[in-house]
Amino acid sequence: MGCGVTKTSEFNRKFDKAMKAAVLIQRWYRQYAARMEVRRRYTWNIFQSMEYADLQDQIKLYNFLGYLMDNFTPSKNEVCRDAEWERYFSYNNITVPDIYSGPRLTFPLDMDQAAHLVEAFKNKQLHSRYVLQLLLETWKLLRVLPNINRVSTCHSKEITICGDLHGQLEDLLLIFYKNGMPSLEKPYVFNGDYVDRGKDSIEILLILFAFLLVFPGDVYLNRGNHEDHIINLRYGFTKEVLNKYKLHGKRILKLLQKIFSWLPLVTVIDQRVLIVHGGISDTTDLALIARVDRHRVSRTNGKSHRILSSALSSDSEPESSEFTDTGNDEWKQILDLLWSDPMSHDGCIPNEVRGGGCYWGPDVTEGFLNRHNLQLIIRSHECKQDGYEFCHNRKVLTLFSASNYYEVGSNRGAFVRLGPDLVPYFVQYQATSMTRGLSFPQNVKRTEHTALKVLREQLFVHKSDLLSAFQEIDKENTGLICLNDWASAIERVLHLDLPWRVLHPQLVSSTTDGKLDYHGWFRDLHIEQTMLETLYRHRSTLETIFRIVDTDNSGLITFEDFRQTLKLLSAYLKMEISDEVINELVISTDTNNDGSIDIDEFMEAFRLVDKSRLERGKSLEYT
Amino acid sequence: MAPKKKEEPKPVAAPKPPEPEPPKEPEFNPAEVKDAFQLFDRTPTNEMKITYAQCGDLIRALGQNPTNAEVMHVLGKPKAEEMQVKMLDFDQFLPIHQHICKAKDRGTFEDFVEGLRVFDKEGNGTVMGAELRHVLATLGEKMKEDEVEQLMAGQEDANGCINYEAFVKHIMAG
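Residues numbered from 1 in each chain as written. Chains lettered and ligands numbered in written order. Predicted model: local features only at pLDDT ≥ 70, side-chain atom pairs only at ≥ 80, totals over all residues. Heavy atoms only, no water.

Looking up chain B in an unreviewed UniProt entry gives the name Myosin, light chain 13, with the organism given as Cyprinus carpio carpio.

As named in an unreviewed UniProt entry, chain A is Serine/threonine-protein phosphatase, taken from Cyprinus carpio carpio. The Sequence similarities (unreviewed entry) field of the UniProt record for chain A holds the comment "Belongs to the PPP phosphatase family." (UniProt positions renumbered as here; feature names shortened; annotations may be inferred.)

So this is what it looks like as structure tokens:
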């Protein structure tokens, strides 16, 4: 500037500069915030689609495992006469050592003992003697409960309703802390999925059952789709019980199987609000639901077949009555209640994703509410970012009580209170022991990191399918593919409906001229390459199969068991494995030559089977 | 203070047909824009529409950093009450995005550091956190208190000072 600069113009200049700087920073901040938001959203989408992708296989698996259980006769003797059930579940001969410092229960339970249990579970485990005793009492109580719990908000009582807990004890404790424990003045409805995935499923069950025993008129439990022994084999509850109760776990599980089948199916408040775990379908009929024998209705495929042992049924009457159309009809009604999801457009279509129940639209809600003179459906079954979400014109409420379900920081949990006016009052929370001290961006990054890791594993697991898809596009075998083709190929193979182009910077480390070297890309995915991808994909399945076959939970199965499993597998999958191949396999599987097969040898065997099938050009797919 | 002048964009009412793709501009991948657009679509039946209010965020998510004024300008200066109500579909959005992409002054690392240096009283590479907060909340396109908080979380040292080169790297790396 010239020599005539005044103080004011100097000041103005400085002010200008400051303004420009401020605007610049603000622009960058807004871009930063927008990017964070995108990352948060696609991370959420990844987790949701992963959960359902897993579920796509789940129902096939469920059917196969059911088939296996139905047709597998253990070579070891299993308790199978119902008259012996009382003896089998007897806890009287279990002594509790003096050294045991956990709660010592006396029956009938009272409020103090229940509260004491809640406190004790923060760092103690209940002794198996008391577990069995508590479960037996629970079983006795559940057997006299109707299929439909009916609750009223008279006496100006507010009812608290909770959704999925999935073994996350911290969330239940948080709910009790915020809302108080169940009591005469504080009735609760719990809407299923108490177990699996989280690590304290048994503790949650014991707490809920204890309060049920103490306040049977003020605690209501609905059955969820995870209250099912086959699902538990796959999603962690069986494992948890066997780990925590090495000696008596098997009995505890058997008893729980019966208890689950006796859990009521739905709860109705003031004849106006329906609470059910999954949802409804266009054929849901509460009058029919009220009449079914809920503990007898189970997975059948309508054909007549031997049942594993009457260990699976809860009393001694012959099961042949189940193989009728009514049997199928009742099973469908229950499946619909426990597995369905709402959708935004009208209609009712089978739920292919979950493989059970249906997707139901707003018109079905309308029709159902009118037919039954109800005004609201409260359900759970789906994780929601804020713990709850309305849909269908606020006639359907999804309520989810397991916070941080996918990963620390992924979502809040919520519970709802209903007073006589039946207007829902929500409380949201997030178990914060791990999220405390993390800022929002750190939370986003952390959750995103986990989501991407899971996504990379999925990509790796589908390597051969992806490779063929890429090679189909890259006809000249250059090994290169452009990003657009990469994205559409992945979507075709995985069907996850994710924004691949938005995600690609996170999944692809480098491109040359906008093209991706796909062989190199697979190498870069940084997955442990010690297992064949198919084994990796089916690892938990194989573990589950092993656990089914290992009926006495000894960790070992006999050659005969293994042989039978292979035969069943080959029949079900319509694979051809000849008897000699099976025999060879059986013997070669026992690598440590101890005359039995343990889980590691079992897994190895399937790797071998898979390899030889791959050599013959087929893949181990469930049909 | 008006942002630097750029070419006058046409209002949304008469959208230009999309420009032919210039050969080497990676931003113009309509498929990628569509993916991101879908992430922002909150309509209950997935109609592939976003509100005017979301437009700015989507453009930013795709890598641009327009000022709010630039966004409003390119949307045809809608009224405040229209922002949450008026919708755009993908074909209407694409030319808007392209316009913003062509703006030259995106601001580099150096520009950003220069901007912060203005507040570096002692010339030692740091700015006072409190002063920066005040500036961001009172000057230019003012930020709200929780936005400032989110931006500055964990950036100040024990004396309340921020090393701005590190700060800029933090923002730009995201």
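The discussion continues.
1. A few points about the overall build of chain A
Helix and strand counts for chain A come out as 21 helices and 18 strands. Across the 623 residues in chain A, those meeting the buried criterion constitute 57%. Sequence-distant contacts, at least 24 apart, represent 74% of the contacts inside chain A between residues at least 6 apart. As displayed, chain A offers around 27,300 Å² of accessible surface, 50% of which is attributable to carbon and sulfur atoms. (Helix = DSSP H or I, 4+ residues; strand = E, 2+ residues; numbered from the N terminus. Buried < 20%, exposed > 50% of the residue type's maximum accessible area, 1.4 Å probe, protein only. Contact = heavy atoms within 4.5 Å. Areas by Shrake-Rupley, 256 points an atom, 1.4 Å probe, with all protein chains shown as cover.)

2. Examining the overall build of chain B
Along its length, chain B carries eight helices and four strands. Element order for chain B, N to C, with α for helix and β for strand: α-β-α-α-β-α-α-β-α-α-β-α. In chain B, which comprises 174 residues, the proportion classed as buried is 42%. If you take every contact in chain B between residues at least 6 apart in sequence, the share linking residues at least 24 apart comes to 64%. Summed over all atoms, the accessible surface of chain B reaches about 9,600 Å², with 53% contributed by carbon and sulfur.

3. As for the pairing of strand β6 (residues 273-276) of chain A
Residue and element names in this part refer to chain A. Side-chain alternation along β6 places Val273 and Ile275 on one buried face and Leu274 and Val276 on a second face that is also buried. Remark: three residues form the turn of the hairpin made by strand β5 (residues 266-269) and β6, two consecutive strands paired antiparallel; aspartate 270 in that turn has positive phi of roughly 55°. Note: β6 against strand β10 (residues 376-379), three bridges, orientation parallel. Its bridge partner lying in β10, leucine 274 is registered against isoleucine 377. (Pairing = 2+ DSSP bridges.)

4. Brief notes about the confidence of the model for chain B
Residues and elements named next belong to chain B. Of the residues in chain B, 80% reach a pLDDT of 70 or more, and the chain-wide mean stands at 78. Predicted confidence for residues 1-27 stays below pLDDT 50, and this span has 34 contacts to residues more than four positions away or in other chains. As a predicted assembly, this complex carries a pTM of 0.69 together with an ipTM value of 0.79. (pLDDT = per-residue confidence, 0-100.)

5. Quick word on the packing of aromatic side chains
Two measures describe an aromatic ring pair: the distance that separates the ring centres and the angle between the ring planes. Throughout the structure, instances matching the rule amount to 20 aromatic pairs over all chains. Relative to tryptophan 139 of chain A, the ring of phenylalanine 89 of chain A lies with its centre 6.0 Å away and its plane at 85°, an arrangement referred to as edge-to-face. Placement of the pair is phenylalanine 89 of chain A in the loop between α2 (85-88) and α3 (111-120) and tryptophan 139 of chain A in helix α4 (residues 128-142), with a sequence separation of 50 residues. A residue is classified by how much of its surface remains accessible, and tryptophan 139 of chain A, at 4% relative accessible area, is buried. Seen in terms of ring centroids, phenylalanine 37 of chain B and phenylalanine 93 of chain B are 5.7 Å apart; in terms of plane orientation they differ by 55°. Their pairing is tilted. (Phe/Tyr/Trp six-rings, centres within 6.5 Å; stacked < 30°, edge-to-face > 60°.)

6. Focus on the environment of aspartate 218 of chain A
Here aspartate 218 of chain A shows up in the loop between α6 (201-214) and β4 (219-221). Sequence-distant contacts of aspartate 218 of chain A, defined by excluding residues within four places in its chain, comprise Lys157, Ser183, Leu184, Lys186, Pro187 and Tyr188 of chain A.

7. Description of the sheet that holds strand β9 (residues 358-360) of chain A
Residues and elements named next belong to chain A. Strand order in the open sheet formed by three strands is β7-β9-β8, with mixed pairing between adjacent strands. Looking at the sheet topology across the chains shown, the edges are occupied by β7 (341-342) and β8 (348-350). One ladder, built from two bridges, connects β7 with β9; its direction is parallel. Bridged to proline 342 within β9 is tryptophan 360.

8. Brief notes about the interface of chain A and chain B
Counting residues at the interface gives 36 residues for chain A and 47 residues for chain B. Summed over both partners, the interface of chain A with chain B comes to about 4,000 Å²; 64% of that surface belongs to carbon and sulfur atoms. At the junction of chain A and chain B, the tally comes to 11 residue pairs in polar contact (both at pLDDT 80 or more). Only α1 (7-71), α13 (440-461) and α16 (500-507) of chain A provide two or more residues apiece to the side of chain A that touches chain B. It is α1 of chain A that provides the largest number of residues to the side of chain A that touches chain B, a total of 25 residues. In terms of residue class, the side of chain A that touches chain B is made up of 20 nonpolar, seven polar and nine charged. (Buried area = accessible area lost by both parts, 1.4 Å probe. Polar contact = N/O pair within 3.5 Å; in protein donor to acceptor, adjacent residues only side chain to side chain. Nonpolar A, V, L, I, M, F, W, Y, C, P; charged D, E, K, R; others polar.)

9. Here's the deal with the side chain of arginine 60 of chain B
Turning to its location among the elements, arginine 60 of chain B is positioned in helix α2 (residues 52-61). The charged side chain of arginine 60 of chain B is buried without a salt bridge, its nearest counter-charge being aspartate 57 of chain B at 4.0 Å. Apart from the residues lying within four places of it in its own chain, the contact partners of arginine 60 of chain B are Arg30, Gln31, Ala34 and Arg35 of chain A together with Pro66, Thr67, Asn68 and Val71 of chain B. (Lys, Arg positive; Asp, Glu negative; His and termini not counted. Salt bridge = Lys/Arg side-chain N within 4 Å of Asp/Glu carboxyl O.)

10. Re the sheet that holds strand β3 (residues 188-190) of chain A
Residues and elements named next belong to chain A. The strand order across the open sheet built from five strands is β4-β3-β2-β13-β14, with neighbouring strands paired in mixed fashion. Of all the strands in the sheet, the pair left with one neighbour each is β4 and β14 (424-429). Taking each pair of neighbouring strands and ignoring which way they run, the sheet shows an average axis angle of 20°. Sheet analysis places strand β2 (residues 159-162) next to strand β13 (residues 413-418), joined by four bridges and oriented antiparallel. Looking at the pairing, cysteine 162 lines up with phenylalanine 415 of β13. Strand contacts of helix α5 (residues 169-179): β2, β3, β13 and β14, with the helix running at about 125° to β14, the strand carrying the most contacts. Sheet contacts for α6: β3 and β4; angle to β4, the most-contacted strand, approximately 130°. (Axes fitted to C-alpha atoms, helices over the stretch in contact; angles between N-to-C directions.)

11. Things to note about the nonpolar core
Counting 64 residues, the largest nonpolar core has Phe470, Trp486, Trp500 and Trp521 of chain A together with Phe93 of chain B as the members making the most contacts within it. Non-local contacts of tryptophan 486 of chain A, meaning those with residues more than four positions away in its chain, are made with Phe470, Ile481, Trp500, His504, Leu507, Val508, Leu516 and Trp521 of chain A. In this structure, Ile94, Phe190, Phe211 and Leu221 of chain A belong to the second largest nonpolar core, which totals 62 residues. (Core = buried A, V, L, I, M, F, W, Y, C linked by side-chain atoms within 4.5 Å.)

12. Here we look at the side chain of asparagine 404 of chain A
You can see asparagine 404 of chain A is positioned in the loop between β12 (396-399) and β13. Here glutamine 430 of chain A takes part through its side chain, which lies 2.8 Å from a polar atom of the side chain of asparagine 404 of chain A.

13. Topic: the pattern of salt bridges
Residues and elements named next belong to chain A. Under the definition given, this model contains 24 salt bridges over all chains. A salt bridge links lysine 395 to glutamate 366; the shortest N-O distance between them is 3.2 Å. Residue lysine 395 is located in the loop between β11 (388-391) and β12, and its partner glutamate 366 is located in helix α12 (residues 362-372); the two are separated by 29 residues in the primary sequence. Among the salt bridges present, the one from arginine 563 reaches glutamate 560, with a minimum N-O distance of 3.0 Å. Placement of both arginine 563 and glutamate 560 in helix α19 (residues 559-572) is noted, with a separation of three residues, approximately one turn of the helix. A relative accessible area of 25% means that arginine 563 is categorised as partly exposed.

14. Focus on helix α14 (residues 463-473) of chain A
Taken residue by residue, α14 of chain A has Leu466, Leu467, Ala469 and Phe470 of chain A as its buried positions. Projection of α14 of chain A onto a plane perpendicular to its axis shows the buried side chains occupying an angular sector of 165°, all on one side. (Arc of directions from axis to C-beta.)

15. A short note on the environment of aspartate 120 of chain B
Residues and elements named next belong to chain B. Assignment of secondary structure puts aspartate 120 in the loop between α5 (109-117) and β3 (126-128). When its relative accessible area of 9% is taken as the criterion, aspartate 120 is described as buried. A sequence separation of 43 residues divides aspartate 120 from asparagine 163, and the C-alpha atoms of the two residues are 9.7 Å apart. Here aspartate 120 is in contact with Gly125, Thr126, Val127 and Tyr164, once residues within four sequence places are set aside.

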